[in-house]
4 protein chains.
Amino acid sequence: MRNLPSVSLEEARQIITGGERKAQEIGQPVNIAVVDAGGNLVAHARMDGAWIGSVDISINKAFTARAFDISTGELAGNAQPGAQFFGIHVSNKGRVMVFAGGIPLQHEGQVVGAVGVSGGTGEQDQAIAEAAVAAFRPSR
Amino acid sequence: MRNLPSVSLEEARQIITGGERKAQEIGQPVNIAVVDAGGNLVAHARMDGAWIGSVDISINKAFTARAFDISTGELAGNAQPGAQFFGIHVSNKGRVMVFAGGIPLQHEGQVVGAVGVSGGTGEQDQAIAEAAVAAFRPSR
Amino acid sequence: MRNLPSVSLEEARQIITGGERKAQEIGQPVNIAVVDAGGNLVAHARMDGAWIGSVDISINKAFTARAFDISTGELAGNAQPGAQFFGIHVSNKGRVMVFAGGIPLQHEGQVVGAVGVSGGTGEQDQAIAEAAVAAFRPSR
Amino acid sequence: MRNLPSVSLEEARQIITGGERKAQEIGQPVNIAVVDAGGNLVAHARMDGAWIGSVDISINKAFTARAFDISTGELAGNAQPGAQFFGIHVSNKGRVMVFAGGIPLQHEGQVVGAVGVSGGTGEQDQAIAEAAVAAFRPSR
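Residues numbered from 1 in each chain as written. Chains lettered and ligands numbered in written order. Predicted model: local features only at pLDDT ≥ 70, side-chain atom pairs only at ≥ 80, totals over all residues. Heavy atoms only, no water.

Under an unreviewed UniProt entry, the name given to chain A is ATP:cob(I)alamin adenosyltransferase, and the source organism is Saccharomonospora viridis.

This is the structure:
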């Protein structure tokens, strides 16, 4: 047997709240999604006025960050033309997002889920995702 | 010009909270999703232990209830073999759910979004969705 | 935090071996797949001569059994015309299989994965899946 | 009539075992998949801790290597912007992988299947795939 420690709904909400606070601070409404250790959605929120096309992107940025245990911003560099993973973005039925805004959630050295943010510039999404991760307070 | 009155994120969260309370009362963890007047996801929550296959179903029950301005339980009757809308469940790229748990959200005679619940029996999902709708307090 | 105990690759192989033995006994080559607690594939084997269309079905029967913590044979009854979950088979991007051959793997009261078998009749697939589950020896 | 010489399940397992040994040696858990002469999955294994997003990629690297009878690393060069096959990665419903880790399996001058590895860097995937191919011992 293996053990997959995973974020709970309560933790996912704290993470989303942390992201929202940052988003309000910089005045950019976004979508924020959290997936668990299995890559499956735990919670999602679209702030009023955020892009509807970003619902899917926020969920899939979170999926991607967990699927490859890497931030999507870092993956981006490897997914460009000429780089070692160019073309990865068409795998997994179009769920792999290769631009900034998805970050794995870690606890005691293991990836226990991931957060995905979409709706602003790459820099804004990344900053909001970082604030979301910073709000992660693993219980016990 | 048209106006699309639509649930806000804050209202969506009240709705989800109302559903969760009922789900806890009957001891059945579920997924709860709220879409806006455009049929697009506003917020989603998967209670700890709820089925992962129900993430998609909760979101799409909400979509369906808004897409046709009808509860999915009511649509079910019309979507059976021999009934007038049989086959509708393969339209919209598999997003049309034809069993109970999706209910439109109404305000002043207009559909302003919908809620979708998945994770229990059809009866449980329906009861939880009704509790969610009952928690809807349109601001102003 | 939540904990998702999950089958290991070694356990998945024992499970597949158990299924294969039964399949050889009844002379029916099949596909056998095992998914983990997150619904993601751990291992798959297609016996020589088994249907190629059953690759997808075996993987998705396993997914379905974990996604809803239910055997696909049991789900079948609820997914027929007039039953409470009719139409569920179009959800999850066509990954929900509503006929026999998928069974959840349980350990200490929790679903830790699932097995899916496809290639024979419903009865054969079910018998092979049961043999596969019976071969599950959780480590520790 | 034509004859499609093709890897058997037993051979696929030897191939996967060869890949796993190399993966353990370099300390990089990966997904390893083998497809037959028809491009259809014969066997797959995800080593404990390997990326879940690589399930799909390993299977599709193997598919790609057989679909075009070329290693995916070699195809990569032809699939870059400006090269003769740029855009090929969106064909075949997103199954064409254009980065290293997929290698055709040959026997007596014919391609009889392919192996796909995903989970490490491009170099690691390639080295593991080569070790997998080296373990291929065609029966008779």
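A. Representation of the interface of chain A and chain D in the model. The interface is formed by 19 residues belonging to chain A together with 23 residues belonging to chain D. Between chain A and chain D lies a buried interface of about 1600 Å² when both sides are counted; carbon and sulfur atoms form 65% of it. One can count 1 salt bridge joining chain A with chain D. For Asp 48 of chain D, the salt bridge identified is with Arg 2 of chain A, shortest N-O distance 4.0 Å. (Contact = heavy atoms within 4.5 Å. Buried area = accessible area lost by both parts, 1.4 Å probe. Salt bridge = Lys/Arg side-chain N within 4 Å of Asp/Glu carboxyl O.)

B. Just the relation of the copies chain A and chain D, in detail. The transformation that overlays chain A on chain D combines an axial shift of 0.5 Å with a rotation of 91 degrees, and the residual RMSD is 0.1 Å. Interpreted geometrically, this transformation is the action of a four-fold axis. (Least-squares fit on C-alpha atoms with pLDDT ≥ 70 in both.)

C. Fine view of the sheet that holds strand 2 (residues 41-46) of chain B. Spatially, 4(A)-5(A)-2(A)-3(A)-2(B)-1(B)-4(B)-3(B) is the arrangement adopted by the 8 strands of the open sheet, whose pairing is antiparallel. The open sheet has two edge strands, strand 4 (102-107) of chain A together with strand 3 (102-107) of chain B, and neither has a second partner. Pairs of neighbouring strands in the sheet enclose a mean axial angle of 20 degrees, with direction left out of account. For strand 1 (residues 31-36) of chain B and strand 2 of chain B, the ladder comprises 5 bridges, and the chain directions are antiparallel. Bridged to Ile 32 of chain B within strand 2 of chain B is Ala 45 of chain B. Relative to strand 5 (residues 110-118) of chain A, helix 4 (residues 122-134) of chain A is tilted by about 140 degrees, and along the sheet it contacts strand 2 (31-36), strand 4 and strand 5 of chain A. The strands touched by helix 1 (residues 9-26) of chain B within the sheet are strand 3 (41-46) of chain A together with strand 1, strand 2, strand 3 and strand 4 (110-118) of chain B, with strand 2 of chain B carrying the most contacts at an inclination of about 30 degrees. (Pairing = 2+ DSSP bridges. Helix = DSSP H or I, 4+ residues; strand = E, 2+ residues; numbered from the N terminus. Axes fitted to C-alpha atoms, helices over the stretch in contact; angles between N-to-C directions.)

D. Highlighting the pairing of strand 4 of chain A. All names here are of chain A. Summarising burial for strand 4: 5 of the 6 residues are buried, a large majority. As paired strands, strand 4 and strand 5 are joined by 6 bridges and run antiparallel to one another. Looking across to strand 5, one finds that Gln 106 is bridged to Val 111. (Buried < 20%, exposed > 50% of the residue type's maximum accessible area, 1.4 Å probe, protein only.)

E. Focus on helix 4 of chain A. Residue and element names in this part refer to chain A. For helix 4, which comprises 13 residues, the first-to-last C-alpha distance of 18 Å matches the rise-based estimate of 18 Å (1.5 Å per residue) to within 8%. For helix 4, the full list of buried residues reads Asp 125, Gln 126, Ile 128, Ala 129 and Ala 132. Take helix 4 and look down its axis: the buried residues cluster within an arc of 165 degrees, on one side only. Among the exposed residues of helix 4, those pointing more than 90 degrees away from its buried face are Glu 123 and Ala 134. Looking at the buried side of helix 4, the elements it contacts are helix 1 (9-26), strand 2, helix 2 (53-67), strand 4 and strand 5. (Expected span 1.5 Å × (residues − 1). Arc of directions from axis to C-beta.)

F. Inspection of the sheet that holds strand 2 (residues 31-36) of chain C at higher detail. Taken in spatial order, the 8 strands of this open sheet run 4(C)-5(C)-2(C)-3(C)-2(D)-1(D)-4(D)-3(D), and their pairing is antiparallel. Two strands close off the open sheet at either side, each with one partner strand: strand 4 (102-107) of chain C together with strand 3 (102-107) of chain D. With direction set aside, neighbouring strand axes in the sheet form an average angle of 20 degrees. Of the strands in this sheet, strand 3 (41-46) of chain C together with strand 1 (31-36), strand 2 (41-46), strand 3 and strand 4 (110-118) of chain D are in contact with helix 2 (residues 54-67) of chain D, which crosses strand 4 of chain D at around 155 degrees. Most of the contacts of helix 4 (residues 122-134) of chain D go to strand 4 of chain D, to which it runs at about 140 degrees, and overall it touches strand 1, strand 3 and strand 4 of chain D.

G. View of the environment of Ile 103 of chain A. All names here are of chain A. Inspection of the secondary structure puts Ile 103 in strand 4. With a relative accessible area of 12%, Ile 103 lands in the buried category. Considering only alpha carbons, one finds Ile 103 and Arg 66, 37 residues apart in sequence, at a separation of 7.9 Å. Residues within four places of Ile 103 in sequence aside, it is in contact with Ala 65, Ser 71, Ala 114, Val 115, Gln 126, Ala 129, Glu 130 and Val 133.

H. Seen up close, the environment of Asp 56 of chain B. By the secondary structure assignment, Asp 56 of chain B is in helix 2 (residues 54-67). Among the polar contacts made by the side chain of Asp 56 of chain B, one reaches the main-chain amide nitrogen of Asn 92 of chain C at a distance of 2.7 Å. (Polar contact = N/O pair within 3.5 Å; in protein donor to acceptor, adjacent residues only side chain to side chain.)

I. Structural view of the packing of helix 1 (residues 9-26) of chain C against helix 4 (residues 122-134) of chain C. Residues and elements named next belong to chain C. As a packed pair, helix 1 and helix 4 sit with axes 7 Å apart at the nearest point and diverge in direction by 140 degrees. Taken together, the axes of helix 1 and helix 4 are oblique relative to one another. Considering only the axes of helix 1 and helix 4, their crossing is right-handed. From helix 1, Ile 15, Gly 18, Gly 19, Lys 22, Ala 23 and Ile 26 reach across to helix 4, where they touch Gln 124, Ala 127, Ile 128, Ala 131 and Ala 132. Per-class residue counts for the contact of helix 1 with helix 4 are 7 nonpolar, 3 polar and 1 charged. (Parallel < 35°, antiparallel > 145°, perpendicular 65-115°, else oblique. Left-handed = near helix turned anticlockwise from the far one by under 90°. Nonpolar A, V, L, I, M, F, W, Y, C, P; charged D, E, K, R; others polar.)

J. A look at unusual backbone geometry. Even without being a glycine, Asp 69 of chain A presents a positive backbone phi close to 45 degrees. One can find Asp 69 of chain A in the loop between helix 2 and helix 3 (72-78). Judged by its relative accessible area of 30%, Asp 69 of chain A is partly exposed. One non-glycine residue, Lys 93 of chain D, adopts positive backbone phi at about 55 degrees. Among the residues examined, Lys 93 of chain D registers a relative accessible area of 82% and is labelled exposed.

K. Examining the relation of the copies chain A and chain C more closely. Least-squares fitting of chain A to chain C yields an RMSD of 0.0 Å, with the transformation described by 0.0 Å of translation along the axis and a rotation of 180 degrees. Look at the turn and shift together and you get a two-fold axis relating the two. When each C-alpha of chain A is compared by its distance to the rotation axis, Gly 38 of chain A comes out closest, at 2.0 Å. Take the interface residues of chain A: 100% of them recur as interface residues in chain C, which is what a same-surface contact looks like.

L. The arrangement of the pattern of salt bridges in detail. All names here are of chain B. The tally for this structure, following the rule as stated, stands at 21 salt bridges over all chains. Across the pair Glu 25 and Lys 22 runs a salt bridge whose closest N-O atoms are separated by 3.6 Å. One end of the pair, Glu 25, and the other, Lys 22, are both in helix 1, 3 residues apart, so they sit about a helical turn from each other. Judged by relative accessible area, Glu 25 falls into the exposed class, the value being 61%.

M. Highlighting the interface of chain A and chain C. In this complex, chain A contributes 17 residues to the contact, which on the side of chain C involves 17 residues. Summed over both partners, the interface of chain A with chain C comes to about 1400 Å²; 55% of that surface belongs to carbon and sulfur atoms. For chain A, the biggest contributors to the area lost against chain C are Met 1, Arg 2 and Leu 4 of chain A; these three give 49% of the whole. Between chain A and chain C we count 0 salt bridges in total. There are 9 residue pairs in polar contact (both at pLDDT 80 or more) connecting chain A and chain C. In terms of residues, the side of chain A that touches chain C owes the most to one element, strand 1 (residues 2-6) of chain A, which gives 5 residues. In terms of residue class, the side of chain A that touches chain C is built from 7 nonpolar, 7 polar and 3 charged. Two strands pair when backbone bridges link them, and strand 1 of chain A and strand 1 (residues 2-6) of chain C are joined in this way by 5 bridges, in the antiparallel orientation.

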